[in-house]
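The lines below spell out each chain.
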Amino acid sequence: MTTPSPLDWSFDNCTIERAMGVLGEKWTLVVLREIFTGVRRFEDMRTRTGIPRQVLTNRLAGLVDNGVLRREPYREPGARVRHEYRLTPKGFDLYPVLIALAEWGNRYLADPEGPPIRYAHRDCGAELHLEAHCADGHHLTEHREIQPRPGPGARLRTGG
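Residues numbered from 1 in each chain as written. Predicted model: local features only at pLDDT ≥ 70, side-chain atom pairs only at ≥ 80, totals over all residues. Heavy atoms only, no water.

> Which parts of the structure should I look at to understand the overall build of the protein chain?
When helices and strands are tallied, the protein chain shows six helices and six strands. When the helices and strands of the protein chain are placed in sequence order, the string is β-α-α-α-α-β-β-α-α-β-β-β. Relative to a compact globule of 160 residues, whose C-alpha radius of gyration would be 15 Å, the protein chain shows 20 Å and is clearly more extended. Each principal axis of the C-alpha atoms in the protein chain carries an extent, and together these give about 75 × 40 × 30 Å. Burial status across the protein chain gives 22% buried among its 160 residues. Put simply, of all contacts in the protein chain between residues at least 6 apart along the chain, 45% involve residues at least 24 apart. Carbon and sulfur atoms form 53% of the exposed surface of the protein chain, whose accessible area is close to 12,200 Å². The protein chain carries 23 positive and 21 negative side-chain charges, and their two centres are separated by 8 Å. (Helix = DSSP H or I, 4+ residues; strand = E, 2+ residues; numbered from the N terminus. Rg over C-alpha atoms; globule rule 2.2 N^0.38 Å. Buried < 20%, exposed > 50% of the residue type's maximum accessible area, 1.4 Å probe, protein only. Contact = heavy atoms within 4.5 Å. Areas by Shrake-Rupley, 256 points an atom, 1.4 Å probe, with all protein chains shown as cover. Lys, Arg positive; Asp, Glu negative; His and termini not counted. Charge placed at Lys NZ, Arg CZ, Asp CG, Glu CD.)

So this is what it looks like as structure tokens:
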């Protein structure tokens, strides 16, 4: 029996594609950046980012609908109830994704003075870097050491 080639596999249930359906637009990642840096209120986000009001409304609603954020009510004295946005556990699990994007951007797209934000270990202050490790604990230093393989949900393509 021959091993199927990559072209033989279906990607109809691809989780990367599904994730990009939730995250795959620039403003969504900008909103998440704001939330991760502690900016949780609509007007503060709009002012800091310049995202058009309706776009910000739509992105926040999508993140809430997808369980990435939750709305928490608050009220300033004398004002109506408003909401701020907090990360859910599903949202917190996106932190490595944002850090990976920041690392890539810092390496290739930063201004000559350097990156505008760095991530550090809260306890010791050392700069944070993401690394790949296999389940057996091997540290992968070269990305070419990583090999995509069919997972338990993989399906062979049907038809031509």
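That was the structure; now back to the text.
> What should I look at first to understand the confidence of the model for the protein chain in this one?
Predicted coordinates in regions of low pLDDT should not be interpreted in detail. Looking at the protein chain, pLDDT values average 92 and 98% of them are 70 or higher. The least confident element of the protein chain is strand S1 (residues 9-10), whose mean pLDDT is 85; the most confident is helix H5 (residues 89-92), at 98. (pLDDT = per-residue confidence, 0-100.)

> Explain a nonpolar patch on the surface to me, please; I cannot follow it from the model alone.
Where nonpolar side chains cluster on the molecular surface, the patch consists of Trp 104, Tyr 108 and Leu 109 and spans about 400 Å² of accessible area. Inspection of the secondary structure assignment puts Trp 104 in helix H6 (residues 95-108). (Patch = residues over 30% accessible without salt bridge, like charges linked within 9 Å, V, L, I, M, F, W, Y side chains within 5 Å. Salt bridge = Lys/Arg side-chain N within 4 Å of Asp/Glu carboxyl O.)

> Can you walk me through the packing of aromatic side chains in this structure?
Aromatic ring pairs are described here by two measures, namely the spacing of the ring centres and the angle between the planes. Under the counting rule described, the total for this entry stands at four aromatic pairs. The interplanar angle of 80° and the centroid separation of 6.3 Å between the aromatic rings of Phe 36 and Phe 92 together place this pair among those described as edge-to-face. On the criterion of sequence distance, the pair formed by Phe 36 in helix H2 (residues 26-36) and Phe 92 in helix H5 is long-range, its members being 56 residues apart. Phe 36 gets classed as buried once you look at its relative accessible area, which sits at 13%. (Phe/Tyr/Trp six-rings, centres within 6.5 Å; stacked < 30°, edge-to-face > 60°.)

> Explanation requested: the pairing of strand S3 (residues 81-87) in the structure shown.
Side-chain positions along a regular strand alternate between the two faces of the sheet. With seven bridges connecting them, strand S2 (residues 69-75) and S3 associate as antiparallel partners. Across the sheet, residue Glu 72 finds its bridge partner in S3, namely Glu 84. Counted along the chain from S2 to the antiparallel partner S3, the turn is five residues long, and its residue Gly 78 has a positive phi close to 80°. (Pairing = 2+ DSSP bridges.)

> In this structure, what is going on with the nonpolar core? I would like to understand it.
Buried together is how nonpolar side chains tend to be arranged in soluble globular proteins. Counting 19 residues, the largest nonpolar core has Val 31, Leu 32, Met 45, Leu 60 and Leu 69 as the members making the most contacts within it. When contributions to this core are tallied by element, the ones reaching two or more residues are H2, helix H3 (42-49), helix H4 (53-65) and S3. When residues of this core are assigned to their parent elements, the largest contribution, five residues, is made by H2. Not counting residues within four places of it along the chain, the set of residues in contact with Leu 32 comprises Leu 23, Leu 63, Val 68, Leu 69, Leu 87, Leu 94 and Leu 98. (Core = buried A, V, L, I, M, F, W, Y, C linked by side-chain atoms within 4.5 Å.)

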